[in-house]
Amino acid sequence: MQRSDAPDEPVEPIIAPEPDPAVKVPLAFEDWLAVILLALLALITFGNVLVRYFTDQSFAWTEEISVFLLIVLTMAGGSIAFVRNHHIRIEILADNGSARRQRVMGLIANGCVLAFFALLTVLSARLVWDEYRFEETSPAIGLPTWWYSIWLPLMAAVITLRVLGIVIRLARGQAK
């Protein structure tokens, strides 16, 4: 019988995480925002499950708040993914070829992302303005819907600025 800590067994290497790119505003903002939002989402959902289990009733506001938290969480996660280069991309095109080709592909891809999120920022800000102007309220709680919607243009603007930083670093040749 062979012991599990025998020296002849292959040892899997420990892979250290890649360091964060040099950015002016630390990614800790989005990291902590994601952690807090996920914790809030879990607590609200767990509380609703307990109430439904013991009383056969449900908090009507939990779905409304959960959708709001998921949208902000998704935008925070997207910001983190773009800066750390963990976003969805076609790696055979993005990561192969010469360094110049990779840089050009990065500029094209990030330029498209920059245009998309800049447009999303402007259009979602118009949506928020319309919700404010027409005094729309949410169905479950009756709160003004712009209280929820305001976070979409804000987080889209954060992603726009983060991707703009990536494009600037790529143009200067400082990033892959």
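Reading guide: rules and limits
Residues numbered from 1 in each chain as written. Predicted model: local features only at pLDDT ≥ 70, side-chain atom pairs only at ≥ 80, totals over all residues. Heavy atoms only, no water. Helix = DSSP H or I, 4+ residues; strand = E, 2+ residues; numbered from the N terminus. Rg over C-alpha atoms; globule rule 2.2 N^0.38 Å. Buried < 20%, exposed > 50% of the residue type's maximum accessible area, 1.4 Å probe, protein only. Contact = heavy atoms within 4.5 Å. Areas by Shrake-Rupley, 256 points an atom, 1.4 Å probe, with all protein chains shown as cover. Lys, Arg positive; Asp, Glu negative; His and termini not counted. Charge placed at Lys NZ, Arg CZ, Asp CG, Glu CD. UniProt positions renumbered as here; feature names shortened; annotations may be inferred. Polar contact = N/O pair within 3.5 Å; in protein donor to acceptor, adjacent residues only side chain to side chain. Domains from an automatic or database assignment. Buried area = accessible area lost by both parts, 1.4 Å probe.

Observations regarding the overall build of the protein chain
Right, on to step 1. Looking only at helices and strands, the protein chain has six helices and zero strands in total.
Right, on to step 2. For a compact globule of 176 residues, the expected C-alpha radius of gyration is about 16 Å, and the protein chain comes in at 22 Å, more than 25% above that figure.
Right, on to step 3. Reported as C-alpha extents along the three principal axes, the dimensions of the protein chain are approximately 60 × 60 × 25 Å.
Right, on to step 4. By the burial criterion, 29% of the 176 residues in the protein chain qualify as buried.
Right, on to step 5. Counting contacts in the protein chain only where the partners sit at least 6 residues apart, residues at least 24 apart contribute 70% of the total.
Right, on to step 6. As presented, the protein chain carries roughly 12500 Å² of accessible surface, and 68% of it is formed by carbon and sulfur atoms.
Right, on to step 7. Side chains of the protein chain give 14 positive and 17 negative charges; the mean places of these two sets differ by 14 Å.

A word on the UniProt feature "transmembrane region" (unreviewed entry) in the protein chain
Right, on to step 1. Under the UniProt annotation, "transmembrane region" (unreviewed entry) lies at residues 32–53, 65–83, 104–129 and 149–171.
Right, on to step 2. Within residues 32–53, the helical portion is 100% and the strand portion 0%, while the C-alpha atoms at the span's ends are 31 Å from each other.
Right, on to step 3. Taken as a whole, residues 104–129 contains 100% helix and 0% strand, while its terminal C-alpha atoms sit 37 Å from one another.

Overview of the environment of Ala140
Right, on to step 1. With respect to the element layout, Ala140 can be found in the loop between helix H4 (99–133) and helix H5 (146–149).
Right, on to step 2. Along the backbone, Ala140 and Ala60 are 80 residues apart, and their C-alpha atoms lie at a distance of 5.9 Å.
Right, on to step 3. With near-sequence residues (within four places) excluded, Ala140 lies in contact with Ala60, Trp61 and Glu64.

A word on the side chain of Ser124
Right, on to step 1. Summarising the element assignment, Ser124 is placed in helix H4.
Right, on to step 2. You can call Ser124 buried: its relative accessible area is 4%.
Right, on to step 3. Separated by 2.6 Å, the side chain of Ser124 and the backbone oxygen of Leu120 make a polar contact.
Right, on to step 4. Not counting residues up to four positions away in its chain, the partners in contact with Ser124 are Leu152 and Pro153.

So, the domain arrangement of the protein chain
Right, on to step 1. Domain annotation of the protein chain identifies domain 1 (27–85) and domain 2 (93–175).
Right, on to step 2. Once you take the C-alpha centre of each, domain 1 and domain 2 turn out to be 20 Å apart.
Right, on to step 3. With 16 residues of domain 1 at the interface, the matching set in domain 2 holds 17 residues.
Right, on to step 4. Taken over both partners, the interface formed by domain 1 and domain 2 buries close to 1400 Å², and the fraction arising from carbon and sulfur atoms is 77%.

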